[in-house]
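# Residue-level structure breakdown
Given next are the chains, with one letter for each unit.
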Amino acid sequence: MTAMPDAASPASPVAPGKTPATAVRARRDRHLIRKAATYIVMTVAALLVLVPFAWMISSSLKRNNEVFTVPIQWIPDEFRWSNFVEIWDRIPMVTYLRNSAFLAITITFLQVLTGSFAAYGFSKVRFPGRDALFVAYIATIAVPWQAYMVPQYIMMQEAGLTNTFWSIILLQAFGAFGVFLMRQYYMSIPDELVEAARIDGLSEYSIYLRIMLPLSKPALASLALLTFVNTWNDYMGPFIYLTSNELWTVQLGLRSFIGQYSADYAMIMTGAVISVLPIVVIFLLGQRYFIRGIATTGLKG
Amino acid sequence: MSHVTTQPDAARPAPSERGRPPRRQGRSRQVRRNTLVGWSFILPNFVGFALFTLVPVTAAFVLAFMEWNSFGSPEWVGLDNFRRMLGDENFRVALFNTFFYAGGHIPLTLVAALTLAIVLNRKIRGVQFFRTAAFFPYITSLVAVAVVWNMMFNPTLGPVNQILETLGMANPPGWTASTDWAMPAVIITSVWRDMGYYMVLYLAGLQTIPEEYYEAARVDGANAWQRFWHVTLPGLRPVTFFVVVMLTIQSFKILDLIVVMTDGGPGRSTLVLAQLIYREGIREGRFGYSSAIALVLFFIVLTVTVFQFRLNERRKA
């Protein structure tokens, strides 16, 4: 900010005949200004992106009648931390959190396990028909899930699995995405390594267990994080399949709370903050793997 | 996606087999063993995948030509479901709204993601914080996103309209309370949510453009805008193509955000195809008709994607 008043100076005075020292200083000034401008642009962009979060957090610490005020009050007069105590009595938040955690952990575990296992078969074992099979996997990624959610629902209904966790777990644990991401990573591990292990007499299963798994930790972390967050945030699956209150996830619980107490603005925001918090922690811990996972599945495709 | 990398192994065994009859038996035993081992790796995932993805996908295609309600038994009716669609006002509205959404969401997200990526593609201190901030909306739970934005879009007291009024707008839009502005409100929310994801792809893409290209352009006297137009954009073409395809698929199947944020309303102003499938199929139990709508949705996505692939091929040539 302080560099701004100088903005006009470096452009004009660098006329021919100036001493080298002033030219150097002018260049340094220009560099500083550009840097300052970059920070300003980035800060404005970040503010725009983060405003909804600021609004959410500030509202969660207000009284109901303080949420909508003219002009907007970004920092509450008095921080009502009691909202975060009260909400546990208003809705069965513990149950919701436990359900969400159970589903997210189970599905992540199964997806990582079966996905990496299958990816080894698709990338390091050669057999006829393998590639055709893989194409079938990839093709379904392009079919919108919304186009086959009705047949899935009929199947689950026939099997009597609606309104159980089974329906969600079975539908989400065997996705093609995990196979795709892990195969992408295994392809980058040289075949010679696997070949050498075979000559040493290792079976395919021990190659997978002792060589591939340890080598693919970053990819496993990416897949685990992406799956966990997706499952935690999933709305449609639980919305379609889980009807009893005691099976609801955080997302469903929060949505129903909004429906019931639509004027309880502050408390709704408190619930929203709690629903986001676990994801924030997980994201900040594993950010690197997150970004890498997205970049690799995206760019190699 | 995989064809380039996998072709060589398909061809490899053939030449070595030819002219060596004695080893053939060993070879085929090896192939059989590999097949068994390979399948044993794939099977645990494949069973679930086949049962809960392949079967439903196939079933959706068949059901589209059947009349089947929750209590009756399925009956083949040919194209009846599609004929019925033509006269269905809900379908027409949903089709229009889906294109409206995609028409706003695809270009706006693309531009926002690219802008963010270029602004944040600097090697300066603290840039990581800004990248994290930009990515953050994408991992925030949908219900939280929807409820926060719904409140922000409150026509009389919400921050969005307060800011617009401060900026001098006399009659700011009614957003989610108005039939005309509900869809733009949903589009803004979804652009905000998704741009960080595509920014990550663009950031990765920017790393692949060699620094020398920029040096060379600078030596030739290109200014910042010219460098962007002639170096950055062409260098990003593969990423842009991928982003557009992903965005298209994502846009046409939009469902969860709408269900949580507006539930198709007010009126039918934000009713989209995927939501109509949900209503007809799961809520009303009209399995056949909803599958026909699903087939239409699938073909729209497929057509647009194939068209984009064609365009990309032609531009490359």
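Since the model is a prediction, treat every value here as computed from it, not as a measurement. (Residues numbered from 1 in each chain as written. Chains lettered and ligands numbered in written order. Predicted model: local features only at pLDDT ≥ 70, side-chain atom pairs only at ≥ 80, totals over all residues. Heavy atoms only, no water.)

### So, the pattern of salt bridges
All names here are of chain A. Across all of its chains, the model carries 10 salt bridges over all chains by this definition. Two residues, Asp 264 and Arg 90, come together in a salt bridge whose shortest N-O distance is 2.4 Å. Of this pair, Asp 264 sits in the loop between α13 (250–260) and α14 (265–299) while Arg 90 sits in helix α3 (residues 83–90), and the two are 174 residues apart along the sequence. Classification of Asp 264 by relative accessible area gives buried; the value is 14%. Across the salt bridge formed by Arg 198 and Glu 204, the nearest N and O atoms sit 2.5 Å from each other. Its relative accessible area of 8% is what places Glu 204 among the buried residues. Within the structure, one salt-bridge network assembled from shared partners comprises Lys 124, Arg 126 and Asp 191. (Salt bridge = Lys/Arg side-chain N within 4 Å of Asp/Glu carboxyl O. Helix = DSSP H or I, 4+ residues; strand = E, 2+ residues; numbered from the N terminus. Buried < 20%, exposed > 50% of the residue type's maximum accessible area, 1.4 Å probe, protein only.)

### Brief notes about the interface of chain A and chain B
In many reports, interface size means the accessible area that the parts give up when they come together. Each partner contributes to the interface: chain A provides 97 residues, whereas chain B provides 89 residues. Both sides together, the interface formed by chain A and chain B hides about 8,300 Å², and carbon and sulfur atoms give 79% of it. Between chain A and chain B we count 0 salt bridges in total. Counting every contact that joins chain A to chain B gives 15 residue pairs in polar contact (both at pLDDT 80 or more). With 18 residues, the single largest contributor to the side of chain A that touches chain B is α14 of chain A. (Contact = heavy atoms within 4.5 Å. Buried area = accessible area lost by both parts, 1.4 Å probe. Polar contact = N/O pair within 3.5 Å; in protein donor to acceptor, adjacent residues only side chain to side chain.)

### Overview of the UniProt feature "transmembrane region" (unreviewed entry) in chain B
Residue and element names in this part refer to chain B. Here, UniProt's "transmembrane region" (unreviewed entry) annotation points to residues 36–66, 99–120, 132–153, 239–261 and 287–307. A distance of 39 Å separates the end C-alpha atoms of residues 36–66, which is 90% helix and 3% strand. The span residues 132–153 is 86% helical and 0% strand by assignment, and the distance between its end C-alpha atoms comes to 25 Å. (UniProt positions renumbered as here; feature names shortened; annotations may be inferred.)

### Thoughts on the UniProt feature "domain: ABC transmembrane type-1" (unreviewed entry) in chain B
According to UniProt, the feature "domain: ABC transmembrane type-1" (unreviewed entry) maps to residues 95–308 of chain B in the numbering used here. Overall, residues 95–308 of chain B shows 74% helix and 0% strand. The separation of its end C-alpha atoms is 20 Å.

### Notes on the UniProt feature "domain: ABC transmembrane type-1" (unreviewed entry) in chain A
Under the UniProt annotation, "domain: ABC transmembrane type-1" (unreviewed entry) lies at residues 97–286 of chain A. Across residues 97–286 of chain A, helical content stands at 78% and strand content at 0%; the span's end C-alpha atoms are separated by 21 Å.

### Focus: a positive patch on the surface
On the surface, Arg 27, Arg 30 and Arg 34 of chain A together with Arg 122 of chain B cluster together into a patch of positive charge. Relative to the elements of secondary structure, Arg 27 of chain A occurs in helix α1 (residues 20–60). Residue classification places Arg 27 of chain A among the exposed residues on the basis of a relative accessible area of 58%. (Patch = residues over 30% accessible without salt bridge, like charges linked within 9 Å, V, L, I, M, F, W, Y side chains within 5 Å. Areas by Shrake-Rupley, 256 points an atom, 1.4 Å probe, with all protein chains shown as cover. Lys, Arg positive; Asp, Glu negative; His and termini not counted. Charge placed at Lys NZ, Arg CZ, Asp CG, Glu CD.)

### Description of helix α11 (residues 217–233) of chain A
Residues and elements named next belong to chain A. In a regular helix each residue adds 1.5 Å, so 17 residues correspond to 24 Å; α11 covers 24 Å between its end C-alpha atoms and thus fits that length. Most of α11 is tucked away: 12 of the 17 residues are buried. Of the positions making up α11, those classed as buried are Ala 219, Leu 220, Ser 222, Leu 223, Leu 225, Leu 226, Thr 227, Phe 228, Val 229, Thr 231, Trp 232 and Asn 233. (Expected span 1.5 Å × (residues − 1).)

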